[in-house]
Amino acid sequence: MRRGLHRANGAEGKQARMNRLEMLRCVQVHRERWDIIVVGGGATGVGTAIDAASRGYDVVLFEQSDFGKGTSSRSTKLVHGGVRYLEQGNVSLVMEALKERGLLLQNAPHLVHDLGFVVPNYDWWEAPFYGIGLKLYNVLAGKYGFGTSRILSREETLERLPTIQTDGLRGGVIYFDGQFDDTRLLINMVATAFEQGATLLNYAPVTSLTKDNDGYIDGVIACDAETGEEFQARAKVVINATGAFSDGLRRQADASVKPMIAPSQGVHLVFDRSFLPGDSAMMVPHTSDGRVMFAIPWHGYTLVGTTDTPVPAATLEPVATEAEIEFILSTASLYLAKKPARADVLSVFAGIRPLVKSADIGNTAALSRDHTIHIEKSGLITIAGGKWTTYRRMAEDCVNQAAMLAQLPEKACITQGLRIHGFDGNARRFGPRYVYGSDAPAVEALMQADPRLAKPLHPALPYTGAEVIWAVRFEMARTIEDVLARRTRALFLNARAALAMSLCVAELMAGELNCGDAWKAQQVQAFEEIARHYVLS
Ligand SMILES: Cc1cc2nc3c(=O)[nH]c(=O)nc-3n(C[C@H](O)[C@H](O)[C@H](O)COP(=O)(O)OP(=O)(O)OC[C@H]3O[C@@H](n4cnc5c(N)ncnc54)[C@H](O)[C@@H]3O)c2cc1C
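Quick caveat, the model's predicted, so the values are computed rather than measured. (Residues numbered from 1 in each chain as written. Predicted model: local features only at pLDDT ≥ 70, side-chain atom pairs only at ≥ 80, totals over all residues. Heavy atoms only, no water.)

1. Examining the overall build of the protein
Here is step 1 of the chain: Check the secondary structure of the protein and you find 16 helices and 20 strands.
Here is step 2 of the chain: In terms of overall dimensions, the protein is globule-like: its C-alpha atoms have a radius of gyration of 23 Å, near the 24 Å expected for 537 residues.
Here is step 3 of the chain: The C-alpha extent of the protein, read off along each of the three principal axes, is 70 × 55 × 40 Å.
Here is step 4 of the chain: Here the contacts in the protein between residues at least 6 apart in sequence split such that 73% fall between residues at least 24 apart.
Here is step 5 of the chain: Carbon and sulfur atoms make up 53% of the accessible area of the protein, which amounts to about 20400 Å² in all.
Here is step 6 of the chain: Taken together, the 56 basic and 59 acidic charged side chains of the protein have centroids lying 2 Å from each other. (Helix = DSSP H or I, 4+ residues; strand = E, 2+ residues; numbered from the N terminus. Rg over C-alpha atoms; globule rule 2.2 N^0.38 Å. Contact = heavy atoms within 4.5 Å. Areas by Shrake-Rupley, 256 points an atom, 1.4 Å probe, with all protein chains shown as cover. Lys, Arg positive; Asp, Glu negative; His and termini not counted. Charge placed at Lys NZ, Arg CZ, Asp CG, Glu CD.)

See below:
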């Protein structure tokens, strides 16, 4: 039953016709055992599905909510080696991430670009200290380098960061890393996995695991969240890629397992561009909680974060605490001449790091950012930790393990050179539609065919009706939130604007999905419920 749906080769621009109902049908009629079931539709799970499918394995992925609803939509949007880990002496981790950073730029150039990060210096020792450290960062990147770091004079620092606090400013150090749009990349990765032959279903929570007579996991019971209908899927191996939720699924396999995840919350605040008007980002290497803080230009706004607060358990819609918000405002105020206040916050979002416990360490900033692959006695494979940047490498390691455990025919990983759907080396010519890469002309064609779809849905944001239609037709968007939070980034950039757009989005979606007034009203209410956590009152 493999490759039952039509899959165009989308990396070069042909359209992947992803459709949830067809995905569901494919799961329902699939009588044989899948080679691999992946649970979790974040960067790790979708990356694993790409890797497995591109090797030729028969793979299905189940996501309980929307693709990227978990941590993978809530990152700092950096494709980075992690300068901080260099300071911790973790050279191999940094080298691996720097290589993955280079591969991501190579395979998804429409979504990844390089960005200059300025470390402002207020003490005499900072320029030589960070200057030498960041030179090493360049050296470790080798042929995957993004740009050469160097020490900046006071004037050069001010040129790059015109709104920086000038009292006591001596100069700065600039280095280069990558920036991306996390959920645009994720949805293009879903399309890539699909084109490689995987079946991927959103709104399909795995509710339990099934075992054979010997006690080995041989499948899952999942549910179509839209109808409530349960179904069973059997596989040679099941991979748990549920991020911060990993322990929950592990307990399904064995109620007595010790938790391996130490969830830690990170919060970002979004401001308008006037707080950071240049093209460079600012990086503060040591905040009072021992983390780095970034202020980054992103989609015409300013993103500031993040915190690191241990939390007892993961939730799907984490909420920023008052202490976290105050911490970011006060830290940003130390470095920005224009002090950001609560009233300036356009959106606030929180995410949970799926850190893997190595020992009893109280401070989560000190926990390993390496990934871990854990195989239970029952054969359940859990892949957790790591970071967005290293998803490809995590997936490669995980599929190697899964193939060995399930005795699948040996096949080499090919993802180092595999282009991500939408690949386009010159996507900036599409203006705000650049995030669609090679799909941008098709989105623009919708705008040309119906000029009503060409108008921005809100004056503060570039998103048009065509993008709503596109998201529903080709990107498996099912709810207003899918469109406004993850297919576009309206909710993350400007929550009040997103709220103002929601009725219009409901109208457009209802037309595509053949839904009536009750659906529209329910959708708007559900979106308002979620969006209120992104608005600071
Ligand atoms: C604040 C913050 C900033 C970060 N910034 C960066 C950065 O700039 N760069 C970087 O490289 N990394 C960054 N990271 C790390 C990176 O975002 C994560 O490592 C990565 O997104 C984790 O992806 P994941 O797929 O493992 O988890 P998730 O994205 O959480 O995916 C797990 C999925 O599993 C689903 N799921 C759970 N249970 C079930 C079930 N029973 N059935 C079906 N589905 C289920 C969930 O709904 C979820 O969608 C950041 C992390 C945080 C928290």
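2. Overview of the packing of aromatic side chains
Pairs of aromatic rings are described using the distance from one ring centre to the other and the angle between the two planes.
Here is step 1 of the chain: Summed over all chains, the structure comprises 14 aromatic pairs.
Here is step 2 of the chain: Each ring, one from Trp125 and one from Phe129, has its centre 5.7 Å from the other, and the planes form 75°; the classification is edge-to-face.
Here is step 3 of the chain: The exposure class of Trp125 is partly exposed, given its relative accessible area of 35%.
Here is step 4 of the chain: On the basis of relative accessibility, which here comes to 44%, the residue Phe129 falls in the partly exposed class.
Here is step 5 of the chain: Taken together, the ring pairs connect Phe117, Tyr137, Tyr175 and Phe294 into an aromatic cluster.
Here is step 6 of the chain: Above the plane of the ring of Phe275 lies Lys338, whose end atom (NZ or CZ) is 4.3 Å from the centre.
Here is step 7 of the chain: Sitting above the plane of the Phe492 ring, Arg489 keeps its charged end 4.7 Å from the centroid. (Phe/Tyr/Trp six-rings, centres within 6.5 Å; stacked < 30°, edge-to-face > 60°. Buried < 20%, exposed > 50% of the residue type's maximum accessible area, 1.4 Å probe, protein only. Lys NZ or Arg CZ within 6 Å of the ring centre and 35° of its normal.)

3. Points about the site of the ligand
Here is step 1 of the chain: Around the ligand sit 35 residues in total, of which Thr44, Glu63, Ser72, Leu78 and Thr389 are the nearest.
Here is step 2 of the chain: One of the backbone N or O atoms of Ala43 is found 3.2 Å from an oxygen atom in the ligand.
Here is step 3 of the chain: Between Val206 and the ligand, the recorded distance is 3.0 Å, taken from a backbone N or O atom to a nitrogen atom.
Here is step 4 of the chain: In isolation the ligand has 1000 Å² of accessible area, and contact with the protein removes 95% of it.
Here is step 5 of the chain: For the shell around the ligand, the secondary structure elements donating two or more residues are helix H2 (43-55), strand E11 (261-272) and strand E16 (347-356).
Here is step 6 of the chain: It is E16 that provides the largest number of residues to the shell around the ligand, a total of 3 residues.
Here is step 7 of the chain: Within the shell around the ligand, the residues separate by chemical class into 11 nonpolar, 19 polar and 5 charged. (Near = heavy atom within 4 Å. Polar contact = N/O pair within 3.5 Å; in protein donor to acceptor, adjacent residues only side chain to side chain. Nonpolar A, V, L, I, M, F, W, Y, C, P; charged D, E, K, R; others polar.)

4. Quick word on the packing of helix H13 (residues 480-487) against helix H15 (residues 495-513)
Here is step 1 of the chain: At a closest axis distance of 9 Å, the pairing of H13 and H15 adopts a crossing angle of 125°. Classified by the angle between their axes, H13 and H15 sit oblique to one another. Considering the relative orientation of H13 and H15, their crossing is right-handed. Here Ile480, Val483 and Leu484 of H13 lie close against H15, whose contacting residues are Ala498, Met501, Ser502, Val505, Ala506 and Met509.
Here is step 2 of the chain: In the contact of H13 with H15, the residues fall into 8 nonpolar, 1 polar and no charged. (Axes fitted to C-alpha atoms, helices over the stretch in contact; angles between N-to-C directions. Parallel < 35°, antiparallel > 145°, perpendicular 65-115°, else oblique. Left-handed = near helix turned anticlockwise from the far one by under 90°.)

5. Here we look at the pattern of salt bridges
Here is step 1 of the chain: What the rule picks out here adds up to 36 salt bridges.
Here is step 2 of the chain: Asp279 serves as the salt-bridge partner of Arg273, at 3.9 Å between the closest nitrogen and oxygen.
Here is step 3 of the chain: Look at Arg273 and you get partly exposed, because its relative accessible area is 35%.
Here is step 4 of the chain: For Asp279, a relative accessible area of 63% corresponds to the exposed category.
Here is step 5 of the chain: Put simply, Arg393 and Asp397 hold a salt bridge, and the shortest N to O gap is 3.1 Å. A residue pair is termed a helical-turn pair when its members lie 3 or 4 positions apart in one helix, as Arg393 and Asp397 do in helix H10 (residues 391-405) at 4 residues.
Here is step 6 of the chain: Exposure remark for Arg393: the relative accessible area of 29% places this residue in the partly exposed category. (Salt bridge = Lys/Arg side-chain N within 4 Å of Asp/Glu carboxyl O.)

6. Things to note about the nonpolar core
Here is step 1 of the chain: Ranked by internal contacts, the top residues of the largest apolar core, which has 82 residues, are Ile36, Ile37 and Phe62.
Here is step 2 of the chain: It is helix H7 (residues 182-195) that contributes the most residues to this core, 8 residues altogether.
Here is step 3 of the chain: Look past the residues within four positions of Ile36 in its chain and what remains in contact with it is Ala52, Tyr57, Asp58, Val59, Val60, Ala235, Val237, Ile239, Ala402 and Leu408.
Here is step 4 of the chain: Core analysis: the next-biggest nonpolar cluster, separate from the first, contains 56 residues, Tyr137, Val173, Phe349 and Tyr534 among them. (Core = buried A, V, L, I, M, F, W, Y, C linked by side-chain atoms within 4.5 Å.)

7. Description of the confidence of the model for the protein
Reading predicted coordinates in detail is not appropriate for stretches of low pLDDT.
Here is step 1 of the chain: Overall, the predicted model of the protein reaches an average pLDDT of 93, with 95% of residues at or above 70.
Here is step 2 of the chain: Low pLDDT (under 50) marks residues 9-14, which in the prediction has 19 contacts with non-local residues, meaning those over four places away or in another chain.
Here is step 3 of the chain: Low confidence marks residues 359-368, where pLDDT is under 50. Its contacts with residues over four positions away, or in another chain, come to 16 contacts. (pLDDT = per-residue confidence, 0-100.)

8. Structural notes on empty space enclosed by the protein
Here is step 1 of the chain: Counting across every chain of the model gives 5 cavities of 30 Å³ or more.
Here is step 2 of the chain: Approximately 110 Å³ is the volume found for the largest cavity.
Here is step 3 of the chain: Surrounding the largest cavity, 14 residues form its lining, Asn107, Tyr391, Arg392, Thr415 and Ile420 being those nearest its centre.
Here is step 4 of the chain: When contributions to the lining of the largest cavity are tallied by element, the ones reaching two or more residues are H2, helix H4 (91-107) and H10.
Here is step 5 of the chain: Ranked by residues supplied to the lining of the largest cavity, first place goes to H4 with 4 residues.
Here is step 6 of the chain: Looking at the lining of the largest cavity residue by residue, the class counts come to 7 nonpolar, 4 polar and 3 charged. (1 Å grid on protein atoms, 1.4 Å probe; cavity = no way out; pocket = protein on both sides within 12 Å on 5 of 7 lines; lining within 4 Å. Points joined across faces, edges and corners; volume = space filled by probe spheres on them.)

9. Points about the packing of helix H12 (residues 465-474) against H15
Here is step 1 of the chain: Packing of H12 against H15 leaves a shortest axis separation of 9 Å and a crossing angle of 40°. Relative to H15, the element H12 is oriented oblique. Relative to H15, H12 is oriented so that their crossing is right-handed. Contacts from Gly465, Val468, Ile469, Val472 and Arg473 in H12 reach Val505, Leu508, Met509, Glu512 and Leu513 in H15.
Here is step 2 of the chain: Grouping the amino acids of the contact of H12 with H15 by side-chain chemistry returns 7 nonpolar, 1 polar and 2 charged.

10. Some remarks on the pairing of strand E12 (residues 281-284)
Two faces make up the sheet, and in a regular strand the side chains alternate between them.
Here is step 1 of the chain: Residues Ala281 and Met283 line one face of E12 and the alternating positions Met282 and Val284 line the opposite face, and both faces are buried.
Here is step 2 of the chain: Pairing between strand E4 (residues 112-121) and E12: 2 bridges, direction parallel. Across the sheet, the residue bridging to Val118 is Met282, located in E12.
Here is step 3 of the chain: Judged from the 3 bridges that link them, E12 and strand E13 (residues 293-298) form a sheet pairing that is antiparallel. Along E13, the bridge assignment pairs Met282 with Ala295. (Pairing = 2+ DSSP bridges.)

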